[in-house]
Amino acid sequence: SIHAGAEKASQDLGVEIIWQGPQKEDDRAMQIQVVQNFVARGVDAIVLAPLDDTALVRPVRDATRRGIKVVIIDSDLNSEDHISFVATDNFKGGQLAARRLGEIMGGKGKAIMMRYSEGSASTHNREEGFLEVMAKEFPEIELLSTNQYGGVTSESAFQRGQNLLNQYGAQVDGIFCPNESSAFGMLRALQTSGKAGVVKFVGFDISPALYKGFQDGQINGLTVQNPFRMGYLGVQTAVQALEGQDV
């Protein structure tokens with residue numbers, strides 16, 4: 001969806017998009033190499049969704065020193081070298097998910113949050129927003145586990161989800177997962193354990209599989225972004241900067 005938004009912006013604005021990323025979402029070294037290659041090619045601007053908020057700091061700094069405009073999208077970077085940040089308010093997204101889960105649990109019971117992956121700023125902010133609302137607005141809901149990471153694939157999330165369900169079993173009344181892969185992995189874990197549709201479940205992002213789970217009553221809520229617009233605005237912002245406009 002982000003790619004589609006970027007391509008639409010390229011058509012509307014008359015710029016060329018070179019689309020590239022690592023094969024695996026957690027491959028920091030490959031994403032760094034991709035950025036370095038773009039710098040070496042002398043592109044005018046880079047629109048980057050960093051998979052790690054620290055590992056990409058130096059490559060972005062090197063790009064800006066070469067006069068390349070860098071726009072960060074989707075997940076933040078611990079740096080001041082980029083010209084703009086285009087993203088969902090992820091903290092607020094986590095808050096929305098917490099309110100949904102708290103309401104459908106009736107403000108009582110026990111819940112778990114399975115995190116995504118260390119170093120991901122976007123999902124960290126969602127997780128923190130979720131925890132803040134649960135603590136402030138739903139004090140009678142006990143959080144059994146909030147420190148387990150599903151990992152970057154739906155398969156690793158499935159395995160960790162199974163472990164959590166095996167560990168806490170019948171105690172679990174509600175679950176929150178902060179992105180598409182963790183939510184899908186947990187959905188599969190709920191299905192294989194016979195708890196899908198019984199345990200209240202709120203996720204983040206959407207896919208055909210998650211939407212089907214929502215329709216089937218196995219997912220009770222999804223916080224949904226607008227990745228098409230994110231991709232479009234990332235390219236549009238880069239073009240505006242290249243034209244000398246304030247962004």
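Please refer to the structure placed before this passage.
What counts and how
Residues numbered from 1 in each chain as written. Predicted model: local features only at pLDDT ≥ 70, side-chain atom pairs only at ≥ 80, totals over all residues. Heavy atoms only, no water. Helix = DSSP H or I, 4+ residues; strand = E, 2+ residues; numbered from the N terminus. Expected span 1.5 Å × (residues − 1). Buried < 20%, exposed > 50% of the residue type's maximum accessible area, 1.4 Å probe, protein only. Arc of directions from axis to C-beta. Contact = heavy atoms within 4.5 Å. Phe/Tyr/Trp six-rings, centres within 6.5 Å; stacked < 30°, edge-to-face > 60°. Lys NZ or Arg CZ within 6 Å of the ring centre and 35° of its normal. Pairing = 2+ DSSP bridges. Axes fitted to C-alpha atoms, helices over the stretch in contact; angles between N-to-C directions.

Asks: Teacher, can you tell me more about helix α2 (residues 28-41) here?
Replies: Since one α-helical turn is 3.6 residues long, residues separated by three or four positions face the same way. Counted at 1.5 Å a residue, the expected span for α2 with its 14 residues is 20 Å, and the 20 Å between its end C-alpha atoms agrees. What α2 keeps buried is the set Q31, V34, V35, F38 and V39. The arc that holds the buried residues of α2, viewed along the axis, is 135°, so those residues lie on one side. Exposed residues lying more than 90 degrees from the buried face of α2 are A29, A40 and R41. Turning to α2, the residues buried within the fold contact β1 (45-48) and α3 (57-65). Just beyond α2, the residue with positive phi is G42, at close to 75°.

Asks: Where do I start with the packing of aromatic side chains in this structure?
Replies: The geometry of an aromatic ring pair is captured by two quantities: the separation of the ring centres and the angle between the planes. Applying the stated criterion across every chain yields a total of one aromatic pair. Centre to centre, the rings of F130 and F176 are 4.4 Å apart; their planes meet at 15°, and the pair counts as stacked. Within this pair, whereas F130 is found in helix α5 (residues 121-137), its partner F176 is found in strand β6 (residues 174-176), the two being separated by 46 residues in sequence. Under the relative-accessibility criterion, F176 is labelled buried at 0%. Over the aromatic face of F204 sits the side chain of R126, whose NZ or CZ is 4.1 Å from the ring centroid.

Asks: Would you take a moment to explain the sheet that holds strand β7 (residues 200-204) for this structure?
Replies: Adjacent strands of a sheet form backbone hydrogen bonds with each other and so pair up, either parallel or antiparallel. Strand order in the open sheet made by the five strands is β5-β4-β6-β7-β8, with parallel pairing throughout. The open sheet has two free edges, formed respectively by β5 (141-149) and β8 (221-223), since each of these has just one partner strand. The mean inter-strand angle of the sheet, taken between neighbouring strand axes irrespective of direction, is 15°. One ladder, built from three bridges, connects strand β4 (residues 109-115) with β6; its direction is parallel. Counted as the bridge partner of I112 is I175 from β6.

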